Amino acid sequence: MAAYDTILVEARGAVGLITLNRPKALNALSDQLMTELGRALDGFEADDAIGAIVVTGSDKAFAAGADIKEAAGFTFIGAHKANFITAKWERLAACRKPTIAAVAGYALGGGCELAMMADFILAADTAQFALPEVTIGTIPGAGGTQRLTRLVGKSKAMEMVLSARRMDAVEAERAGLVSRVIPAAELVDEAVRVGERIAALSRPIVMMAKDAVNAAYETTLAEGVKVERRIFYATFATEDQKEGMTAFAEKRHADWKNR
Ligand code: CAA
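Residues numbered from 1 in each chain as written. Predicted model: local features only at pLDDT ≥ 70, side-chain atom pairs only at ≥ 80, totals over all residues. Heavy atoms only, no water.

Quick look at the site of the ligand
Contacts to the ligand come from 23 residues, most closely from Lys69, Gly110, Glu113, Glu133 and Gly141. A distance of 2.9 Å is found between a nitrogen atom of the ligand and a backbone nitrogen or oxygen belonging to isoleucine 68. Contact with the protein chains covers 65% of the free accessible surface of the ligand, which is 990 Å². Among the elements of the structure, helix 2 (68-71), strand 6 (106-108) and helix 5 (110-117) are those that each provide at least two residues to the shell around the ligand. (Near = heavy atom within 4 Å. Polar contact = N/O pair within 3.5 Å; in protein donor to acceptor, adjacent residues only side chain to side chain. Areas by Shrake-Rupley, 256 points an atom, 1.4 Å probe, with all protein chains shown as cover. Helix = DSSP H or I, 4+ residues; strand = E, 2+ residues; numbered from the N terminus.)

Okay, structure coming up:
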């Protein structure tokens with residue numbers, strides 16, 4: 001594996017595990033960290049042995065946001081020229097393989113936004129989510145105003161964006177921001193277990209399922225249902241669909257060929 005300074009990268013079976021690792025800065029998402037994260041994601045996406053990716057942080061912080069010290073001196077034209085945030089940060093959202101954010105502790109600002117770029121969030125009971133950018137004179141810039149609003153609705157998103165109020169794990173689950181709350185000590189193992197379950201399925205079928213759910217965020221209901229139907233029909237062109245249904249009828253486990 002390539003060497004990284006700000007993240008830890010390992011394969012746990014068929015699951016790629018990326019741990020954000022800038023403990024002294026509560027995993028603030030510096031340019032270097034986001035570059036390294038992008039490289040690690042590229043590596044796992046290209047690795048046929050990997051079927052799902054988990055991104056996590058420390059017990060104290062998933063990530064406390066963009067690196068404020070780095071961003072403090074930015075100018076409009078500098079941010080514009082560098083395509084600040086968008087270009088590198090959207091890498092997680094662009095992953096074709098399934099991604100899970102395993103969040104313990106602070107997920108603030110860009111940390112919350114990064115977690116929302118994963119396919120789903122598993123939260124430790126210690127997790128705290130907030131978009132506190134207004135308190136430092138800016139607004140969420142990595143998709144927060146859009147993704148949070150789609151996930152929890154306008155009222156809660158507005159309150160969080162305008163007042164910087166923190167949401168704990170229980171509220172986050174109730175609001176639909178996270179799929180489940182897990183005791184902190186079990187968070188990463190559980191996320192890897194879920195990743196293994198996904199990775200053990202047919203890779204192309206799982207990717208098709210992911211594409212279909214994502215269409216719900218980008219289209220109308222009528223168009224989304226059409227997208228789903230087209231993808232559904234496309235599954236019947238795969239060997240894995242034949243294998244999956246034959247295995248069910250023969251009362252045995254499917255032997256996926258990923259084609
Ligand atoms: N950027 C840079 N450094 C950060 C940081 C950040 N986002 N968050 C924490 N740190 C650093 C602190 O400066 C501190 O470093 P020093 O020891 O060198 O002073 C170290 O991490 C530990 O932090 P604290 O001493 O503040 O720890 P705490 O336990 O007292 O407080 C906290 C924790 C409440 C998370 C607090 O650190 C905090 O409020 N952090 C900033 C949260 C924030 O505003 N995030 C939004 C960033 S902007 C953004 O993300 C834009 C976007 O949309 C992409």
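With respect to the nonpolar core
Ranked by size, the top nonpolar core spans 47 residues in total, and within it Phe62, Phe129 and Leu177 carry the most contacts. The leading source of residues in this core is helix 1 (residues 31-46), at six residues. Core analysis: the second largest hydrophobic core is formed by 15 residues, Val15, Leu17, Ala124 and Leu187 among them. (Core = buried A, V, L, I, M, F, W, Y, C linked by side-chain atoms within 4.5 Å. Buried < 20%, exposed > 50% of the residue type's maximum accessible area, 1.4 Å probe, protein only.)

Here's the deal with the packing of aromatic side chains
For the coordinates displayed, the defined rule picks out three aromatic pairs. Geometrically, the ring pair formed by phenylalanine 232 and phenylalanine 236 is edge-to-face, given 5.2 Å between the ring centres and 85° between the ring planes. Residue phenylalanine 236 is classed as partly exposed on the basis of its relative accessible area of 35%. Joined through ring pairs, the aromatic side chains of Phe232, Tyr233 and Phe236 make up one cluster. (Phe/Tyr/Trp six-rings, centres within 6.5 Å; stacked < 30°, edge-to-face > 60°.)

Structural notes on unusual backbone geometry
Negative phi is the rule for most residues except glycine; trans is the rule for most peptide bonds. Positive phi, close to 65°, is recorded for alanine 164, a residue that is not glycine. Position of alanine 164 among the secondary structure elements: in the loop between helix 7 (154-163) and strand 9 (167-168). With a relative accessible area of 14%, alanine 164 lands in the buried category. The phi torsion at asparagine 258 lies on the positive side, around 60°, for a residue other than glycine. Counting through the fold element by element, asparagine 258 comes out in the segment after helix 12 (239-249). When its relative accessible area of 36% is taken as the criterion, asparagine 258 is described as partly exposed.

Topic: the state of the cysteines
Each disulfide consists of a covalent bond between the sulfur atoms of two cysteine residues. A complete count under the given rule lists zero disulfides for this structure. With no disulfide of its own, cysteine 95 lies 18 Å from the sulfur of cysteine 112, the closest cysteine sulfur. On the basis of relative accessible area, cysteine 112 is assigned to the buried category, the value being 0%. (Disulfide = S-S within 2.5 Å.)

Things to note about the pattern of salt bridges
For the structure shown, the criterion picks out 18 salt bridges. Ionic pairing is found between arginine 252 and glutamate 243, a salt bridge with its closest N-O pair at 2.7 Å. For arginine 252, the salt bridge goes to glutamate 250, with nearest N and O atoms at 2.8 Å. Assessed through its relative accessible area of 48%, glutamate 250 is described here as partly exposed. Connected via shared salt-bridge partners are Lys156, Glu159, Arg165 and Glu171. (Salt bridge = Lys/Arg side-chain N within 4 Å of Asp/Glu carboxyl O.)

Side note on a nonpolar patch on the surface
A contiguous nonpolar surface patch, about 440 Å² in accessible area, is contributed by Phe232, Tyr233, Phe236 and Met245. With respect to the secondary-structure elements, phenylalanine 232 resides in helix 11 (residues 221-235). (Patch = residues over 30% accessible without salt bridge, like charges linked within 9 Å, V, L, I, M, F, W, Y side chains within 5 Å.)

A closer look at the sheet that holds strand 9
In any sheet, the strands associate via hydrogen bonds between backbone groups, in a parallel or an antiparallel arrangement. Ordered in space as 4-6-8-9, the four strands form an open sheet in which the pairing is mixed. Across the chains shown, the open sheet's two edge strands, defined by having one partner strand only, are strand 4 (61-63) and strand 9. Sheet topology places strand 8 (residues 128-130) next to strand 9; two bridges connect them, and they run antiparallel. Residue glutamine 128 lies in a different strand from strand 9, and its bridge partner there is aspartate 168. (Pairing = 2+ DSSP bridges.)

Points about helix 12
If you check which residues of helix 12 are buried, you get Asp240, Gln241, Glu243 and Ala247. One side of helix 12 carries all its buried residues, which in axial view fall inside an arc of 165°. Where the residues of helix 12 are buried, they touch helix 10 (203-215) and helix 11. Lysine 251 lies just past helix 12 and shows a positive phi near 55°. (Arc of directions from axis to C-beta. Contact = heavy atoms within 4.5 Å.)

Side note on the side chain of glutamate 171
By secondary structure assignment, the location of glutamate 171 is in helix 8 (residues 169-175). Within polar-contact distance, the side chain of glutamate 171 engages the side chain of lysine 156 at 2.5 Å.

Brief notes about the pairing of strand 2 (residues 15-20)
By the criterion of burial, strand 2 is predominantly enclosed, with six of the six residues buried. By the alternation rule, side chains of strand 2 split into Val15, Leu17 and Thr19 and Gly16, Ile18 and Leu20, which are all buried. In the sheet, strand 1 (residues 7-12) pairs with strand 2 via six bridges, with the strands oriented antiparallel. Residue valine 9 lies in a different strand from strand 2, and its bridge partner there is isoleucine 18. Here strand 1 folds back onto strand 2, and the loop between the two strands holds two residues, one of which, glycine 13, carries a positive phi near 60°. Pairing geometry for strand 2 and strand 3 (residues 52-56), over five bridges, is parallel.

Remember that the coordinates give geometry; whether it matters functionally is a separate question.
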